[in-house]
Amino acid sequence: MNRVVITGMGIYSVIGKNLNEVKDSLYLGKSGVILDPVRKAMGFRSALTGMVERPVLKGVLDRRMRIGMAEQGEYAYIATLEALKVAGIEQSFIDQHEVGILFGNDSSAVPVVESVDILRNKKDTMMIGSGYIFQSMNSTISMNLSVIFRLKGINFTVAGACASGSHAIGMGYLLVKQGLQDIIICGGAQEINPESTASFDALNAFSVYESEPTRASRPFDRDRDGLVPSGGAATVILESYESAKKRGAVILGEVVGYGFSSNGEHISLPNVEGPKRAMLMALKDSGLDASKMDYINAHATSTLAGDSNEAQAIDEVFGKTKPLVSSTKSMTGHEMWMGGASEVIYSVLMMQNSFVAPNINFDNPDEHSARINIARETTPAGINAFLSNSFGFGGTNSALVITKFSH
Amino acid sequence: MQNDEIIYKINQLLIEEIEIDEDQIRYDADLKKDLGIDSLDFVDLFVIIEKHFGFKMKAEEMSDVKTLQDFYSYINNRVNPN
């Protein structure tokens, strides 16, 4: 079995367009949530959203490479460029080795809406053009990036709702660990637009704390009233230790455990037992005791039931040592298909810089969150090992244990 | 529209919409081999031509369109059928 290390990271997030900006935002507890008047005009119950500007890729990529990419593909391209640079992997290396891609994504709404609008208007599919089909599929990101970067290894998209990004890293970890691939570009991406979140707003799941957008996402807080949708992209490059050593790559961390489970109950309401099993499985896989976890990056999305259940699960697993807990979704909002991957990056940045980012907007605990050790402020902390949770609709759960690398 | 207007317009569309290098635009350029216009680009040309010239190209009519000159003639014959 191979050791699986992280040699590259890249991020395009509502709290920063690169690793340095994101690190600063995490340290300062800066929110990326805004009020979007377009959503209000369209009829959304909640106009709150994370927001990031679209990158300009004309002049960077040729037309054929750009035309099949949806919004979230553009974010993923930028994040992957940074990750490959950090990893010291150039195109010439990729051309001579099998590098794979496993990217988390679970929607691509706008291209579907636009292409069908054209059809309804023109009554002729010949007026749709060549790009929309490649933009429309859930696998749009892995599909496009494997062509742009000329990848020759594993190539597919992991769709697991809000655990997509985390499961993508988990699956990548299993493949590298088993020696089936030396290097895999893993990650998660999420489109930010009204078309993809309208049916989610229909569930009354979003916060309506519109008077103060940066205070609306308040995981674990007693007065939380729902999540804030967000997005962007995050790329994590996993590599076998042997391959990293051979290349002389700088190792950013080591993935030592992946746990997963399914709740087997409600399609949208989480439970305690499923997430608990995923965390225990990740710990068992890592060979580390719960007491070794210095930090938990919680999934907590600022929903009433979800945060409570996760707090209970964390308490049941980690109650004896009470490691520091924060949900970076307090700053970013819920990055959905991107979240599992971005939150690994946020946590590695904390690990590298010896601090725990605050769970902002945590003014008062509820009965469950009172039992866990939530970091209200930026907290200096030596992190040798952290656990990152991601849970999604359908009761899909993913937990990753990542440590500093030691020889 | 006169033939030279059509040629000018086609060239502009190829440069701006299909992003063909202006230096590559020659009447005898092979659409595929010299200009790199592949089957997916033709799908987009269908949309572009309809929008800018007001008619729909037909795939079965394109089999003899090999060079840029062929393409100019094809469009001209559709715009100015007489």
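Look up a bit, the structure's there.
Residues numbered from 1 in each chain as written. Chains lettered and ligands numbered in written order. Predicted model: local features only at pLDDT ≥ 70, side-chain atom pairs only at ≥ 80, totals over all residues.

(A) Main features of the overall build of chain B. Scanning chain B for helices and strands turns up three helices and zero strands. Secondary structure elements of chain B, listed N to C terminal, follow the sequence α-α-α. For 82 residues, the compact-globule formula gives about 12 Å, and the C-alpha radius of gyration of chain B, at 12 Å, lands near that figure. The burial tally for chain B puts 18% of its 82 residues in the buried class. Contacts in chain B between residues at least 24 apart in sequence constitute 57% of all its contacts with a sequence separation of at least 6. (Helix = DSSP H or I, 4+ residues; strand = E, 2+ residues; numbered from the N terminus. Rg over C-alpha atoms; globule rule 2.2 N^0.38 Å. Buried ≥ 20, exposed ≤ 12 C-beta atoms within 10 Å, placed from the backbone. Contact = placed C-beta atoms within 7 Å.)

(B) Structural context of the environment of Ser25 of chain A. Residue and element names in this part refer to chain A. Inspection of the secondary structure puts Ser25 in helix H1 (residues 19-28). Judged by local crowding, Ser25 falls into the buried class, with 22 C-beta atoms found within 10 Å. Taking the C-alpha atoms as reference, Ser25 lies 23 Å from Gly226; in sequence the two are 201 residues apart. In this structure Ser25 touches Ile15, Gly16, Lys30 and Met331, once residues within four positions along its chain are discounted.

(C) Up close: the packing of helix H12 (residues 273-286) of chain A against helix H13 (residues 304-318) of chain A. All names here are of chain A. Contact geometry of H12 with H13 gives a least axis separation of 9 Å together with a crossing angle of 40 degrees. Comparing their axes, H13 and H12 come out oblique. Regarding H12 and H13, the two cross each other, and that crossing is right-handed. Seen from H12, the contacting residues are Pro275, Lys276, Met279 and Leu280; seen from H13, they are Asn309, Glu310, Ala313, Glu316 and Val317. In terms of residue class, the contact of H12 with H13 is made up of five nonpolar, one polar and three charged. (Axes fitted to C-alpha atoms, helices over the stretch in contact; angles between N-to-C directions. Parallel < 35°, antiparallel > 145°, perpendicular 65-115°, else oblique. Left-handed = near helix turned anticlockwise from the far one by under 90°. Nonpolar A, V, L, I, M, F, W, Y, C, P; charged D, E, K, R; others polar.)

(D) Summary view of the sheet that holds strand S9 (residues 295-297) of chain A. Residues and elements named next belong to chain A. Sheet architecture is open: 11 strands sit in the order S5-S4-S6-S7-S1-S8-S15-S14-S9-S10-S12, paired in mixed fashion. Edge positions in the open sheet fall to strand S5 (155-158) and strand S12 (373-374), since each of these has one partner strand only. Two elements, strand S1 (residues 4-13) and strand S7 (residues 232-240), share nine bridges in a ladder whose sense is antiparallel. When the sheet's bridge partners are listed, Ile11 is paired in S7 with Ala234. In the packing of helix H15 (residues 339-353) onto the sheet, contacts are made with S1, strand S4 (99-104), strand S6 (183-190), S7, strand S8 (253-262), S9, strand S14 (385-392) and strand S15 (396-403), and the angle to S14 comes to roughly 160 degrees. (Pairing = 2+ DSSP bridges.)

(E) Summary view of the pairing of S15 of chain A. All names here are of chain A. Summarising burial for S15: eight of the eight residues are buried, a large majority. A two-sided burial pattern is seen for S15, the buried positions comprising Thr396, Ser398, Leu400 and Ile402 on one face and Asn397, Ala399, Val401 and Thr403 on the other. Here S8 pairs with S15 via eight bridges, running antiparallel. From the neighbouring strand, Glu254 faces S15, where its bridge partner is Thr403. Hairpin geometry of S14 and S15 is characterised by an intervening segment of three residues between the two adjacent antiparallel strands and by a positive phi of about 90 degrees at Gly394.

(F) Inspection of the nonpolar core at higher detail. One finds Met9, Ile169, Cys186, Val236, Leu238, Ile345 and Met350 of chain A to be the most contacted residues of the largest nonpolar core, which totals 106 residues. The element best represented in this core is helix H4 (residues 71-87) of chain A, accounting for nine residues. Counting only domains with at least three residues in this core, you end up with domain 1 (4-247) and domain 2 (257-395) of chain A. Ignoring any residue separated from it by four or fewer positions in sequence, one finds Ile169 of chain A in contact with Cys186, Val236, Leu238, Val255, Gly340, Ala341, Val344 and Leu400 of chain A. Counting 14 residues, the second-largest nonpolar core is a separate cluster that includes Leu14, Phe46, Val47 and Ile75 of chain B. (Core = buried A, V, L, I, M, F, W, Y, C linked by C-beta atoms within 7 Å. Domains from an automatic or database assignment.)

(G) Molecular detail of the environment of Ile185 of chain A. All names here are of chain A. With respect to the element layout, Ile185 can be found in strand S6. Take Ile185: there are 33 C-beta atoms within 10 Å of it, and that puts it in the buried class. For Ile185 and Leu84, which are 101 residues apart along the polypeptide, the C-alpha to C-alpha distance reads 8.7 Å. Other than its neighbours up to four places away in sequence, Ile185 contacts Thr80, Ala83, Val99, Gly100, Ile101, Thr235 and Ile237.

(H) Structural view of the pairing of S8 of chain A. All names here are of chain A. Judged by how many residues are buried, S8 sits mostly within the fold: nine of 10 residues are covered. Here S1 runs beside S8; their pairing, made up of three bridges, is antiparallel. Bridging from a neighbouring strand, Ile6 pairs with Gly253 of S8.

(I) Representation of unusual backbone geometry in the model. Even without being a glycine, Ser302 of chain A presents a positive backbone phi close to 85 degrees. Of the residues examined, Ser302 of chain A has 27 C-beta atoms within 10 Å and is grouped as buried. The phi dihedral of Glu19 of chain B is positive, around 60 degrees, even though this residue is not glycine. Along the chain, Glu19 of chain B turns up in the loop between helix H1 (3-16) and helix H2 (39-53). Take Glu19 of chain B: there are 15 C-beta atoms within 10 Å of it, and that puts it in the partly exposed class.

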